[in-house]
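Structural description and commentary
What follows is each chain in one-letter form.
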Amino acid sequence: MASFPAPALALVASMTAAAAADPARAVAFQGAPGANSHRAATEAVPGGLPLPCFSFEDALDAVRDGQAGCAIIPIENSQHGRVADIHFLLPESGLSIVGEHFVDIHACLMGLGHGPFTSAYSHPQALGQSRHYLRARGIVPMSYADTAGAAAFVAELGDPTVAALAPKIAAELYGLDIVEENVEDAHDNTTRFVRLARKPLDPAVITGPAITTFIFEVRNIPAALYKALGGFATNGINMTKLESYQKGASFAATTFFCDVVGKPGDRALDLALEELAFFANNLRILGTYPLERPRG
């Protein structure tokens with residue numbers, strides 16, 4: 001908790017105490033109170049107790065250690081792509097994805113006074129989503145662990161030339177002036193969050209459309225990926241996400257992070273996964289959960 005800026009500590013302490021009194025209802029999120037992840041936690045789990053954590057690892061650890069019933073983590077943004085390190089952290093966490101939630105993201109430029117500002121602090125994702133706005137005004141982007149934490153940090157600094165990019169509520173929580181609202185470069189800016197728990201959701205209980213997330217590895221040889229994914233095409237499975245990343249320094253094999261529409265137990269998906277397992281290594285399902293927003 002000491003990692004949070006001083007203006008956020010009282011709120012963090014009260015929320016942490018409430019979550020500790022009823023861990024099963026606690027929803028761990030990364031960031032200070034007022035962050036977009038805080039909003040996602042309250043929307044995705046009505047009646048939950050938001051538990052602020054300084055890092056993504058802290059949020060995942062809170063679930064693994066029984067301090068929270070689930071965590072909600074941003075995984076990708078419509079404008080700025082995947083959230084750094086998430087593709088490594090999710091498989092390593094040992095947790096399962098049990099839900100998804102989409103949040104419309106709007107950022108405000110805020111500070112102590114109305115500028116002019118020489119720099120602005122925020123999470124790297126938020127800075128990337130407003131990079132044209134900042135560049136046009138000569139404001140230097142400065143990375144911070146989360147958006148609301150950046151607002152609290154600016155309040156703590158007391159420097160009127162330093163701003164923050166954060167949700168509107170952060171200005172209210174930390175006593176900053178909003179200079180301009182909706183400073184993101186694209187106003188349909190949306191972040192997809194996933195909810196994680198210790199136990200996977202049984203696909204059989206999902207009555208509507210479902211999405212399944214998994215990872216697999218193929219060797220870096222000609223046609224390896226083509227062969228691995230052929231079963232999804234021939235079985236009519238809609239693949240909505242496929243991203244690659246390297247693990248280790250050999251670069252001999254590539255790990256892929258994938259979302260498909262469907263759930264284990266559906267014959268078409270079972271056949272596709274069976275074929276994938278024949279051509280790929282280390283196939284691992286990270287979760288099957290209800291489809292919140294139609295794909296395609």
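The preceding data block contains the structure.
Because the structure is a prediction, the values reported are computed rather than measured. (Residues numbered from 1 in each chain as written. Predicted model: local features only at pLDDT ≥ 70, side-chain atom pairs only at ≥ 80, totals over all residues. Heavy atoms only, no water.)

1. Description of the nonpolar core
Note the threshold: As used in this record, nonpolar core signifies buried Ala, Val, Leu, Ile, Met, Phe, Trp, Tyr and Cys residues forming a set joined through side-chain atoms within 4.5 Å. Burial classification: accessible surface area is computed with a 1.4 Å probe over protein chains only, and a residue below 20% of its type maximum counts as buried, one above 50% as exposed, and the rest as partly exposed. The way it works is that DSSP assigns letters per residue, a run of H or I at least four long becomes a helix, a run of E at least two long becomes a strand, and they are numbered from the N terminus. Only heavy atoms matter for contacts: two residues are in contact if any of them lie within 4.5 Å across the pair.
If you look at the biggest cluster of nonpolar residues, it comprises 29 residues, and the most contacted ones within it are Ala 28, Ile 86, Leu 90 and Leu 196. For this core, the secondary structure elements donating two or more residues are strand E1 (26–30), strand E2 (49–53), helix H3 (56–64), strand E3 (70–77), helix H4 (86–93), strand E11 (190–197), strand E12 (210–219) and strand E15 (281–290). Here this core gets 5 residues from one element, more than from any other, and that element is H3. Ignoring anything within four residues of it in the chain, the contact list for Ala 28 reads Leu 51, Cys 53, Ala 59, Ala 62, Ala 68, Cys 70, Ala 71 and Ile 72. Ala 148, Ala 150, Ala 171 and Tyr 174 belong to the second-largest nonpolar core, a separate cluster that totals 22 residues.

2. Description of the packing of aromatic side chains
Here is the rule we go by: The aromatic pairing rule takes the rings of Phe, Tyr and Trp, using the six-membered ring of Trp, and pairs them if the centres are within 6.5 Å, calling planes under 30 degrees apart stacked, those over 60 edge-to-face and the rest tilted. A positively charged side chain is recorded as over a ring if its NZ (Lys) or CZ (Arg) lies within 6 Å of the ring centre. The angle to the ring normal must also be within 35 degrees.
For the structure shown, the criterion picks out 8 aromatic pairs. On the numbers, 5.2 Å between centres and 20° between planes, the contact of Tyr 144 with Phe 153 is stacked. Phe 153 matches Tyr 144 in its accessibility class, with the two residues each being buried. Look at Phe 214 and Phe 232: their rings are 5.9 Å apart centre to centre, the planes differ by 10°, and that puts the pair in the stacked class. In this pair, Phe 214 is assigned in strand E12 and Phe 232 in helix H9 (residues 224–234), connecting sequence segments 18 residues apart. Residue classification places Phe 232 among the buried positions, given a relative accessible area of 2%. Within the aromatic cluster, the residues linked to one another by ring pairs are Phe 214, Phe 216, Phe 232 and Phe 256. Lying across the ring of Phe 102, Arg 293 places its NZ or CZ 4.4 Å from the centre.

3. A short note on the pattern of salt bridges
The following threshold applies: The working definition used for a salt bridge is a side-chain nitrogen of Lys or Arg within 4 Å of a carboxyl oxygen of Asp or Glu.
One pass over the full model with this rule turns up 10 salt bridges. Here Arg 192 ties to Glu 76 by a salt bridge, and the two come within 2.9 Å at their closest N and O atoms. Taken as a pair, Arg 192 in strand E11 and Glu 76 in strand E3 lie far apart in primary sequence, 116 residues in all. A salt bridge links Arg 192 to Asp 259, with the shortest nitrogen-to-oxygen separation between them at 2.8 Å. With Arg 192 in strand E11 and Asp 259 in strand E14 (residues 253–261), this pair connects stretches of sequence that are 67 residues apart. Across the pair, exposure class does not vary: Arg 192 and Asp 259 are buried alike. Taken together, the shared-partner salt bridges connect Glu 76, Glu 100, Arg 192, Lys 241, Glu 243, Asp 259 and Arg 295 into one network.

4. Observations regarding H4
Among the 8 residues in H4, 6 count as buried, and that is most of the element. Among all positions of H4, only Ile 86, His 87, Leu 89, Leu 90, Pro 91 and Ser 93 are buried. One or two positions beyond H4, positive phi appears at Gly 94, with a value near 80°.

5. Details of the side chain of Thr 190
Short version of the rule: Polar contacts, as used here, are pairs of N or O atoms within 3.5 Å; protein pairs need one atom able to donate a hydrogen and one able to accept it. Residues neighboring in sequence count only if both atoms are side-chain atoms.
By secondary structure assignment, the location of Thr 190 is in strand E11. A distance of 3.5 Å separates polar atoms of two side chains, one belonging to Thr 190 and the other to Asp 104. For Thr 190, the side chain forms a polar contact with the main-chain oxygen of Asp 188, separated by 3.0 Å. When residues no more than four places from it in sequence are discounted, the contact partners of Thr 190 are Glu 76, Asn 77, Ser 78, Phe 102, Val 103, Asp 104, Ile 105 and Arg 293.

6. Focus: the sheet that holds strand E10 (residues 177–180)
The following threshold applies: Only strands joined by at least two bridges in the DSSP assignment are considered to pair. A fitted line through C-alpha atoms represents every axis, and for helices the fit uses only the stretch in contact; the resulting angles, taken between N-to-C directions, go from 0 to 180 degrees.
Across the sheet, 5 strands lie side by side as E8-E7-E9-E6-E10; this open sheet has mixed pairing. At either end of the open sheet lies a strand with only one pairing partner, and these are strand E8 (140–143) and E10. Looking at each pair of strands side by side, their axes are set apart by 35° on average, direction ignored. Across 3 bridges, the pairing between strand E7 (residues 119–122) and strand E9 (residues 162–166) is parallel. By the bridge assignment for E9, Ala 120 is matched with Ala 163.

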